[in-house]
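Here's the letter readout for the chains.
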Number of protein chains: 2
Amino acid sequence: MKRLTPRPLDADSFRPFGEVIEPDNATEIRLINNGTTTRFHDIAPVDVASGGGHALISIFRGKPFALPLDISMLERHPLGSQAFMPLDARPYLVVVAPDEGGQPGEPVAFLASGKQGVSYAKGTWHHPLISLEDMSDFLVVDRGGTGSNLVEFFLPEPVRIEAE
Amino acid sequence: MKRLTPRPLDADSFRPFGEVIEPDNATEIRLINNGTTTRFHDIAPVDVASGGGHALISIFRGKPFALPLDISMLERHPLGSQAFMPLDARPYLVVVAPDEGGQPGEPVAFLASGKQGVSYAKGTWHHPLISLEDMSDFLVVDRGGTGSNLVEFFLPEPVRIEAE
């Protein structure tokens, strides 16, 4: 079985798949509200207009997984981006893969800290939410509207994610 | 000077001003990802399309305020909703007012818990971010795009927000 060890999540490594949501990754930093607030502006695009879509705010509550973890499916949303921001400051796993002719290529695993969100770019292959340690809530910004926005791909062979 | 004591934030009291972002306030609850995730679906609309706008994800970092606090200005965003979700699990103050002929009417103050976000409906009069206790981060979903999306109104007399 293929084995994969998560590497720490950082914005540069993740860029082919989307954006890391953290202050360091802002397009611009503005002091607003009479100097009492710093706005880390436009960290991630919300790309949901395909097919007449609109953005939604939801909360996902994920059961925790333990490593090693065998995964056998990746999914993608062809009509919109999907952003996750942890609300319980707990780390979680992010598994993504480049697209290769309409199928996921080699998966990559990242360990996100409890202060890092991710926004999957439209059409990015990713594993569904993998919380760690305890039940964890995430704020989710994704697409509402008509149209088929979920594609699942079952891997020919499972991949084992294991701690170092 | 007018005095105002915050009341605990709840979805019903806040409805004239927008939505409280918490699981209880979801439009629909769905079990997804093979039963490992609960999706509290469509808690708050992202209403940013006016004038060709689009949604942005940013982080606001707010300096803490202490009570009593005198406020003298309310603002509104005529072209879009603006949602705040606390990322540090700390309480904060929400001050809003109904519109009365293009000006804010009587302000209302709410104490939000560190688990409650708020989405101000498009055009809702509100005070800029009021963090409490310590420097606090919030995920913000609001409008990007051209057009004039900020109106400020200076109150004829300041209002004092005080603890009970």
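Residues numbered from 1 in each chain as written. Chains lettered and ligands numbered in written order. Predicted model: local features only at pLDDT ≥ 70, side-chain atom pairs only at ≥ 80, totals over all residues. Heavy atoms only, no water.

To keep things clear, this is the line we draw: UniProt positions are given in the numbering used here, feature names are shortened, and annotations may be inferred rather than shown by experiment.
Going by what an unreviewed UniProt entry lists, chain A is known as Ureidoglycolate lyase and is assigned to Aureimonas ureilytica. UniProt, in its Function (unreviewed entry) section for chain A, records the words "Catalyzes the catabolism of the allantoin degradation intermediate (S)-ureidoglycolate, generating urea and glyoxylate. Involved in the utilization of allantoin as nitrogen source." Of chain A, the UniProt comment under Subunit (unreviewed entry) reads exactly: "Homodimer."

1. Considerations on the environment of E162(A)
Residues and elements named next belong to chain A. Stated precisely, the cut-off is as follows: Where helices and strands are cited, they refer to DSSP runs of H or I of at least four residues and of E of at least two residues respectively, numbered from the N terminus. Per-residue accessibility, obtained with a 1.4 Å probe over protein chains only, is compared with the maximum for each type, and a residue is labelled buried under 20%, exposed over 50%, and partly exposed between these values. The criterion used for residue contact is that any of the two residues' heavy atoms lie within 4.5 Å. Under the rule applied, a polar contact is a pair of N or O atoms within 3.5 Å (in protein, one hydrogen donor and one hydrogen acceptor; residues adjacent in sequence only if both atoms are side-chain atoms).
The residue E162 is located in the segment after β18 (151–161) in this model. The class for E162 is partly exposed, based on a relative accessible area of 23%. Sequence spacing of E162 and H41 is 121 residues, and the spatial spacing of their C-alpha atoms is 35 Å. Once residues within four sequence positions are removed from consideration, E162 is found in contact with R3, L4, T5, P6, L67 and P68. Within the structure, E162 has its side chain in polar contact with the side chain of R3 (distance 3.1 Å).

2. A few points about the layout of surface pockets
Just so we agree on the cut-off: In this analysis the probe radius is 1.4 Å and the grid spacing 1 Å, with only protein atoms considered; a cavity is a set of points the probe fits into but cannot get out of, a pocket is an open set with protein on both sides within 12 Å along at least five of seven lines, and lining residues have an atom within 4 Å of a point. Grid points are joined across faces, edges and corners, and a volume is the space filled by probe spheres set on the points. Polar here means any residue outside two lists: the nonpolar Ala, Val, Leu, Ile, Met, Phe, Trp, Tyr, Cys and Pro, and the charged Asp, Glu, Lys and Arg; Gly therefore counts as polar.
Of the pockets and cavities examined, the largest pocket occupies roughly 740 Å³. Taken together, 39 residues line the largest pocket, and the ones lying closest to its centre are I32(A), N33(A), E75(B), P128(B) and L150(B). Broken down by element, the residue count for the lining of the largest pocket peaks at 6 residues, all from strand β8 (residues 69–76) of chain B. Classifying every residue of the lining of the largest pocket by side-chain character gives 18 nonpolar, 14 polar and 7 charged. Its volume calculated, the second largest pocket comes out at about 370 Å³. Lining the second largest pocket are 22 residues, with F60(A), H77(A), Q82(A), D142(A) and R39(B) sitting closest to its centre.

3. Description of the packing of aromatic side chains
The geometry of an aromatic ring pair comes down to the distance between the two centres and the angle between the two planes. Residue and element names in this part refer to chain A. Inclusion rule: Put simply, two rings from Phe, Tyr or Trp (the six-membered ring, in Trp's case) pair if the centres are within 6.5 Å, and we call them stacked under 30 degrees between planes, edge-to-face over 60, tilted for the rest.
Tallied over the full model, the rule gives 16 aromatic pairs over all chains. With a centroid separation of 5.9 Å and 70° between ring planes, the pair formed by F84 and Y120 is classed as edge-to-face. In this pair, F84 is assigned in strand β9 (residues 82–86) and Y120 in strand β14 (residues 117–120), connecting sequence segments 36 residues apart. With relative accessibility at 5%, the residue F84 sits in the buried group. Given the relative accessible area of 5%, Y120 is considered buried.

4. A short note on the sheet that holds strand β5 (residues 37–45) of chain B
Here is the rule we go by: Note on pairing: two strands pair once DSSP finds at least 2 bridges between them. Between N-to-C directions, angles span 0 to 180 degrees; the directions come from axes that are lines fitted to C-alpha atoms, helices contributing only their stretch in contact.
On the basis of which strands lie adjacent, the open sheet formed by 7 strands has the order β3(A)-β14(A)-β9(A)-β17(A)-β6(A)-β5(B)-β4(B) and antiparallel pairing. Because the sheet does not close on itself, it has two edges, and the strands there are β3 (18–21) of chain A together with β4 (28–32) of chain B. On average, each strand axis in the sheet is inclined to that of its neighbour by 20°, with strand direction left out of account. When β3(A) meets β14(A), the two strands line up antiparallel, connected through 4 bridges. Paired with I21(A) across the bridge in β14(A) is G117(A).

5. Some details on the pairing of strand β4 (residues 28–32) of chain A
Relative to strand β5 (residues 37–45) of chain A, β4(A) runs antiparallel, the two being bridged by 5 bridges. Paired with L31(A) across the two strands is T38(A), which belongs to β5(A).

6. A closer look at the sheet that holds strand β14 (residues 117–120) of chain B
Strand order in this open sheet of 7 strands is β4(A)-β5(A)-β6(B)-β17(B)-β9(B)-β14(B)-β3(B), and the pairing throughout is antiparallel. Because the sheet does not close on itself, it has two edges, and the strands there are β4 of chain A together with β3 (18–21) of chain B. Averaged over all neighbouring strand pairs, the angle between strand axes comes to 20°, with direction disregarded. Bridge count for strand β9 (residues 82–86) of chain B against β14(B) is 3 bridges, and the pairing is antiparallel.

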